[in-house]
Amino acid sequence: MADPTLSPEKNIASTSWLRACLALFICLGLWLLLSAPRLEHSASASPDGLRRTAALSILRPVARFSEAIGLADATAAIQTAFGKDPDEPPGGELDLEEELAGEELPPLPPQEIRPPVKIQPPDQPRPDEKKADPQRSPRDTPLRRPSERYRLRVAVVGDSLAQGLGDAMRRTFRSSLVHVLDVGRLATGLARADYFDWVDAMGKISRRYDPDVVVVMVGSNDKQSVVFPSGRTVVSGDPDWGAAYRQRIADLLGATKQRAHIVWVGLPPVRDRGKSRLFRIYNDMYEAMLQERRDARFVDIWDTFADSDGNYRAYGRGPDGKVVLLRAGDGAHFSVTGYDMIVDLALQVMQNRWDLTRKVLR
Amino acid sequence: MPYRAAWKIFMTAASYVFYAWWDPGLVWLLAAVTVTAQLGAIWVNASEPSTRRRTALSASVGLVLLPLLWFKYYGFISVTAADLFGRWGAGAPLPLLQIVLPVGISFYTFMAISYVVDIYRKELAPAGWLDLSLYLSFFPHLVAGPIVRAGELIPQFATARDPARIDVGHAARLIFRGLFKKVVVSSFLATQIVDPVFADPSGYSSLDVLFAIYAYSIVIYSDFSGYTDIAIGVAELLGFGFPHNFDCPYIARSLQDFWRRWHITLSRWLRDYLYIPLGGSRTTSERVYFNILLTMLLGGLWHGAGWTFMIWGAIHGVGQATGHFRRSRTGRTEKRADGPLVRARQIFITFHIVSFAWIFFRADSVGQAWDVISSLVTNLRSPELLTVWVAAIVLGAIAAQFVGSVPTLAASISAGWKAFGASSPLAQGTVGAVALFAITTLGPEGVAPFIYFRF
């Protein structure tokens with residue numbers, strides 16, 4: 001064995017390597033059996049590809065065996081006892097009561113209660129209605145003036161980019177006048193309802209929280225098949241993928257209430273050039289879809305975070321004119337200053353279009 | 001181990017594949033540091049008299065350090081220069097490049113330096129190319145330490161590992177303990193209180209902020225020592241011994257004591273390859289204070305290029321220099337047998353200084369650290385994030401540091417693991433599987449990467 005001075009607690013007991021390998025094999029095998037249903041659940045919602053196929057080909061028979069001998073029921077009961085729902089999607093479900101736990105939900109002025117609005121994607125026009133004309137119909141109505149009693153409700157939804165944005169929103173607004181519900185979810189998107197269904201989550205947010213403003217930043221994980229809650233799947237690369245994705249955008253917008261103002265923050269350029277090209281296409285879709293919705297604005301952040309050629313850049317001038325790092329080391333997320341700059345861009349829209357009072361800012 | 005050379009080639013190749021998993025494009029860097037260190041070692045070893053030997057050492061260490069300086073500090077230097085020149089109306093003098101830090105570079109660079117310096121000091125003879133490659137790339141320590149010295153690991157490659165005697169009980173104890181610390185303790189506290197509070201300190205109550213600071217002390221300890229436990233455990237399963245890296249740091253009675261218990265392999269590296277060459281404590285008292293401060297400042301900078309890490313290092317440097325001053329004035333040594341109340345006071349004060357310094361370590365900027373500190377006293381309202389679970393885990397994790405101080409408790413835990421090690425493979429495998437299932441069930445979804453992967 002090694003020098004005993006290196007690891008003072010060692011030499012408790014020794015065994016042969018064959019016995020050690022056998023113990024390791026039994027440990028991993030049993031653990032696989034115990035965890036197979038959960039692992040299968042996660043693997044089935046992972047992005048398409050060789051890894052998913054390989055994982056499922058191993059996990060499916062093990063999970064079926066676990067079910068056949070009744071072990072799956074026992075492990076599910078244990079997980080439930082520890083507060084985990086074994087049947088919930090791998091990305092989890094939005095539990096608003098948990099999100100709002102310990103917080104006092106600000107009351108809404110009674111006149112703010114309005115019916116929900118339905119949005120259709122452009123390739124599926126409603127036959128009985130003309131397309132909204134921004135010249136004729138007032139797209140923008142002012143936001144209500146918040147008070148300490150009736151605080152403005154802002155919900156921030158989307159993927160990990162929205163998580164950083166939510167933190168920045170909380171830093172920006174005065175908590176005495178604005179309540180920020182920051183519910184961004186890591187590794188989520190609009191494409192995979194089987195992993196995490198943002199449309200369903202948006203419905204819950206609308207019903208329970210009824211936000212005045214919904215800030216959306218999503219899409220960076222959507223380079224994959226679109227899976228609807230019904231199970232209908234449109235694989236990545238299919239000619240219908242764009243229509244399916246637009247339908248998901250429309251469903252998300254449809255899950256908001258009519259009185260909600262929507263700020264959809266576009267995707268930024270990222271270090272991966274291929275993804276950047278894709279993000280431009282997504283941004284065009286988001287912007288086009290928002291034309292259909294009253295009080296909805298697309299915030300284009302591309303140029304703020306791009307070099308003169310429109311490509312990714314990591315550094316730029318901050319609000320104080322100093323050169324600062326705007327992006328995180330992964331080439332996709334933002335630094336604290338970067339997120340603060342996105343909030344500034346979103347605020348410009350809220351102030352210029354919807355008369356958001358400056359009093360709400362810290 | 002009848003085919004030792006083949007085993008070394010296989011293990012080196014496996015370690016390089018492991019490293020390539022993060023970024024295949026940076027494998028050349030590990031190879032380049034290895035080649036530079038070996039050529040430097042051969043040069044130093046062949047150089048006489050001492051002046052030429054010293055020149056060879058300086059040049060070799062400088063060359064080994066170059067990649068680390070480039071990857072870790074270029075961004076900081078270029079932005080600082082751009083700001084400075086911007087004040088005079090000039091453009092950025094250096095291109096603003098976002099350089100991604102290769103995982104593990106700080107660790108294998110320090111190991112390579114220790115190898116060259118030990119040869120300069122004639123404590124070690126140059127190793128073979130294969131031995132050195134395996135020493136620097138050996139996968140259990142590659143990405144986040146511990147910083148193993150060449151003299152500790154390379155001789156183990158030379159002597160036969162005995163595959164008939166694997167300390168499964170101890171290795172399993174380390175691996176499961178490490179997993180529990182990372183997946184359950186660190187991830188829970190990070191997501192429940194630390195991350196939200198540090199993202200928006202002024203949005204939470206003073207009590208939330210206070211417990212977020214305590215919780216971060218536990219998070220960084222559980223995260224880093226958890227990784228080290230797993231690394232040492234895996235190395236033990238392969239028959240190798242790694243140095244101990246943590247020894248209940250939050251029961252330290254002074255900052256000097258803390259650094260004997262926290263990231264021990266970095267502390268001794270800084271002591272042996274920086275503090276002592278600077279003159280250590282065998283010099284004038286003014287010079288000793290300077291040596292302490294410089295060592296800790298550079299220790300801070302090793303963690304990252306930024307003012308927050310420099311302030312973190314400075315707090316520890318000033319704290320240790322103050323302790324040295326007090327001891328030199330009063331003549332009191334740390335080994336003095338104090339009563340329990342005095343010891344409790346010393347532990348309490350040291351823990352709070354260390355926790356205060358962690359604020360700067362965790363914060364993205366000095367401004368954010370200041371927000372956290374000011375929120376400690378300005379947001380007097382009822383807590384939002386401080387739940388019974390958060391408080392229980394923070395206090396439980398602190399209490400766990402004292403387990404080693406209770407001999408009967410420590411003995412019964414050791415006896416339990418000894419019994420585990422002596423049990424049948426079926427029993428070991430079953431207990432292990434249940435433990436693994438419990439850890440993955442208790443931990444939150446989506447565990448973040450180890451914090452020290454960034455360094």
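Residue indices begin from 1 for each chain and proceed along its sequence in written order. Chain letters and ligand numbers both follow the written order, the letters beginning at A and the numbers at 1. The predicted origin of the model limits local features to residues at a pLDDT of at least 70 and limits the giving and counting of side-chain atom pairs to 80 or more, whereas totals for whole chains, interfaces and linings rest on all residues. The basis for every side-chain value is the complete set of non-hydrogen atoms in the structure, without hydrogens or water.

**Here's the deal with the overall build of chain A**
In step 1: A run of DSSP states H or I qualifies as a helix once it reaches four residues; a run of E qualifies as a strand once it reaches two. Both are numbered from the N-terminal end. What chain A contains, in helices and strands, is nine helices and nine strands.
In step 2: Note on classification: 1.4 Å probe, protein chains only; a residue is buried when its accessible area is under 20% of the maximum for its type, exposed when over 50%, partly exposed between these limits. Here chain A holds 362 residues, and 51% of them are scored as buried.
In step 3: Residue contacts follow a heavy-atom distance rule, with two residues in contact if any of their heavy atoms lie within 4.5 Å. Looking at chain A alone, contacts between residues at least 24 apart form 72% of all its contacts between residues at least 6 apart.
In step 4: A total of about 17000 Å² of accessible surface is found on chain A, and carbon and sulfur atoms cover 54% of it. Per-residue and other accessible areas were derived by the Shrake-Rupley procedure at a 1.4 Å probe size, with only the shown protein chains allowed to occlude residues.

**Remarks on the nonpolar core**
In step 1: Of all hydrophobic cores here, the largest spans 82 residues; its most connected members are Phe173, Ile205, Trp264 and Met350 of chain A.
In step 2: Tryptophan 264 of chain A has contacts with Leu190, Val216, Val218, Ile249, Leu252, Leu253, Tyr286, Leu290, Arg297, Phe298 and Val299 of chain A, leaving out every residue within four places of it along the chain.
In step 3: Counting residues in each nonpolar core, the second largest holds 60 residues, with Val117, Ala144, Ile147 and Phe240 of chain B among its members. Side-chain atoms within 4.5 Å link the members of a nonpolar core, which is a set of buried Ala, Val, Leu, Ile, Met, Phe, Trp, Tyr and Cys residues.

**A look at helix H5 (residues 129-137) of chain B**
All names here are of chain B.
In step 1: Of all nine residues in H5, seven are buried, a share of seventy percent or more.
In step 2: Along H5, the residues classified as buried are Asp131, Leu132, Ser133, Leu134, Tyr135, Leu136 and Ser137.
In step 3: Buried residues along H5 sit in contact with helix H1 (4-20), helix H2 (27-46), helix H4 (105-120), helix H6 (139-142) and helix H7 (150-158).

**Some words on the domain arrangement of chain A**
Residue and element names in this part refer to chain A.
In step 1: How far each domain reaches was decided by an automatic or database domain assignment. Under the domain assignment used here, chain A contains domain 1 (17-81) and domain 2 (96-360).
In step 2: Measuring from the centre of the C-alpha atoms in domain 1 to the corresponding centre in domain 2 gives 37 Å.
In step 3: With six residues of domain 1 at the interface, the matching set in domain 2 holds five residues.
In step 4: Carbon and sulfur atoms supply 35% of the area that domain 1 and domain 2 bury against each other, a total of about 360 Å² over both sides.
In step 5: Put simply, buried area is how much 1.4 Å-probe accessible surface two parts lose in total, over both of them, once they are put together. Of all residues in domain 1, the largest losses of buried area upon contact with domain 2 belong to Ala45, Pro47 and Asp48, amounting jointly to 87% of the total for that side.

**A few points about the sheet that holds strand E1 (residues 152-158) of chain A**
Within a beta sheet, neighbouring strands are joined by backbone hydrogen bonds and run either parallel or antiparallel to one another.
All names here are of chain A.
In step 1: The rule for pairing is simple: two strands pair if DSSP sees at least two bridges between them. Within the open sheet, the five strands sit side by side as E2-E1-E3-E6-E7. Their pairing is parallel. Each edge of the sheet is formed by a strand with only one pairing partner; in this case those strands are strand E2 (178-182) and strand E7 (296-299). The sheet shows a mean angle of 20 degrees between the axes of neighbouring strands, direction not considered.
In step 2: Pairing geometry for strand E6 (residues 261-265) and E7, over four bridges, is parallel. Directly across from isoleucine 262, in E7, lies its bridge partner alanine 296.
In step 3: In the packing of helix H5 (residues 160-172) onto the sheet, contacts are made with E1, E2, strand E3 (213-217) and E6, and the angle to E2 comes to roughly 160 degrees. Orientation is described by lines fitted to C-alpha atoms, with helices fitted over the stretch in contact, and by angles between N-to-C directions that extend from 0 to 180 degrees.

**Structural notes on the domain arrangement of chain B**
All names here are of chain B.
In step 1: Assigned domains within chain B: domain 1 (4-158) and domain 2 (168-253 + 334-442).
In step 2: Centre-to-centre separation of domain 1 and domain 2, based on C-alpha positions: 30 Å.
In step 3: Taken together, the contact between domain 1 and domain 2 spans 15 residues of the former and 14 residues of the latter.
In step 4: Summed over both sides, the interface of domain 1 with domain 2 buries roughly 1100 Å², with 76% coming from carbon and sulfur.
In step 5: Of all residues in domain 1, the largest losses of buried area upon contact with domain 2 belong to Pro140, Pro146 and Gln156, amounting jointly to 43% of the total for that side.
In step 6: Throughout this description, the term salt bridge denotes a Lys or Arg side-chain nitrogen within 4 Å of a carboxyl oxygen of Asp or Glu. Taken together, the connections running from domain 1 to domain 2 amount to zero salt bridges.

**Some points on the environment of phenylalanine 325 of chain B**
In step 1: The residue phenylalanine 325 of chain B is located in helix H13 (residues 307-330) in this model.
In step 2: When the C-alpha positions of phenylalanine 325 of chain B and phenylalanine 18 of chain B are compared, they lie 47 Å apart, and in sequence the two are 307 residues distant.

**Remarks on the side chain of glutamine 346 of chain B**
Residue and element names in this part refer to chain B.
In step 1: With respect to the helices and strands, glutamine 346 occurs in helix H14 (residues 340-362).
In step 2: Classification of glutamine 346 as buried rests on a relative accessible area of 16%.
In step 3: Here a polar contact is taken to be a pair of N or O atoms separated by no more than 3.5 Å, where protein atoms must pair a possible hydrogen donor with a possible acceptor and residues adjacent in sequence count only if both atoms sit in side chains. A distance of 2.8 Å separates polar atoms of two side chains, one belonging to glutamine 346 and the other to arginine 253.
In step 4: Non-local contacts of glutamine 346, meaning those with residues more than four positions away in its chain, are made with Ala252, Arg253 and Asp338.

**Thoughts on the state of the cysteines**
In step 1: Only a pair of cysteine sulfur atoms within 2.5 Å qualifies as a disulfide here. Taken as a whole and assessed by the stated rule, the structure comprises zero disulfides over all chains.
In step 2: Cysteine 27 of chain A carries a free sulfur, and the closest cysteine sulfur to it, the one in cysteine 21 of chain A, is 13 Å from it.

**Notes on a nonpolar patch on the surface**
In step 1: Residues Ile78 and Phe82 of chain A together with Phe180 and Leu442 of chain B make up a contiguous nonpolar surface patch of about 360 Å² in total accessible area.
In step 2: Structurally, isoleucine 78 of chain A can be placed in helix H3 (residues 71-81).
In step 3: A relative accessible area of 38% means that isoleucine 78 of chain A is categorised as partly exposed. Surface patches are defined over residues having more than 30% relative accessible area and no salt bridge, joining like charges when they lie within 9 Å and nonpolar side chains (Val, Leu, Ile, Met, Phe, Trp, Tyr) when within 5 Å.

**Considering the packing of aromatic side chains**
Residues and elements named next belong to chain A.
In step 1: Between the rings of Phe, Tyr and Trp (Trp by its six-membered ring), a pair exists once the centres lie within 6.5 Å; its type follows the angle of the planes, with under 30 degrees stacked, over 60 edge-to-face, and the other angles tilted. Enumeration according to the criterion identifies 48 aromatic pairs over all chains in this entry.
In step 2: Geometrically, the ring pair formed by tryptophan 241 and tyrosine 245 is stacked, given 4.8 Å between the ring centres and 15 degrees between the ring planes. Here tyrosine 245 and tryptophan 241 lie together in helix H7 (residues 241-254), a separation of four residues that amounts to about one turn. For the pair shown, tryptophan 241 and tyrosine 245 are each scored as buried.
In step 3: Geometry around tyrosine 209 places arginine 153 over its ring, the cationic atom sitting 5.6 Å from the centre. Here, over-ring charges are defined by two tests on the NZ atom of lysine or the CZ atom of arginine: distance to the ring centre within 6 Å, and angle to the ring normal within 35 degrees.

**Some remarks on H7 of chain A**
Residue and element names in this part refer to chain A.
In step 1: Between its terminal C-alpha atoms H7 stretches 20 Å, which fits the 20 Å expected from 14 residues at 1.5 Å a residue.
In step 2: The element H7 is largely enclosed, with a buried count of 11 among its 14 residues.
In step 3: The complete set of buried residues in H7 reads Trp241, Gly242, Ala244, Tyr245, Gln247, Arg248, Ile249, Ala250, Leu252, Leu253 and Gly254.
In step 4: In this structure, the buried residues of H7 make contact with helix H6 (198-209), E3, strand E4 (226-227), strand E5 (233-234), E6 and helix H8 (273-290). To estimate the expected span of a helix, count its residues, drop one, and scale the result by 1.5 Å.

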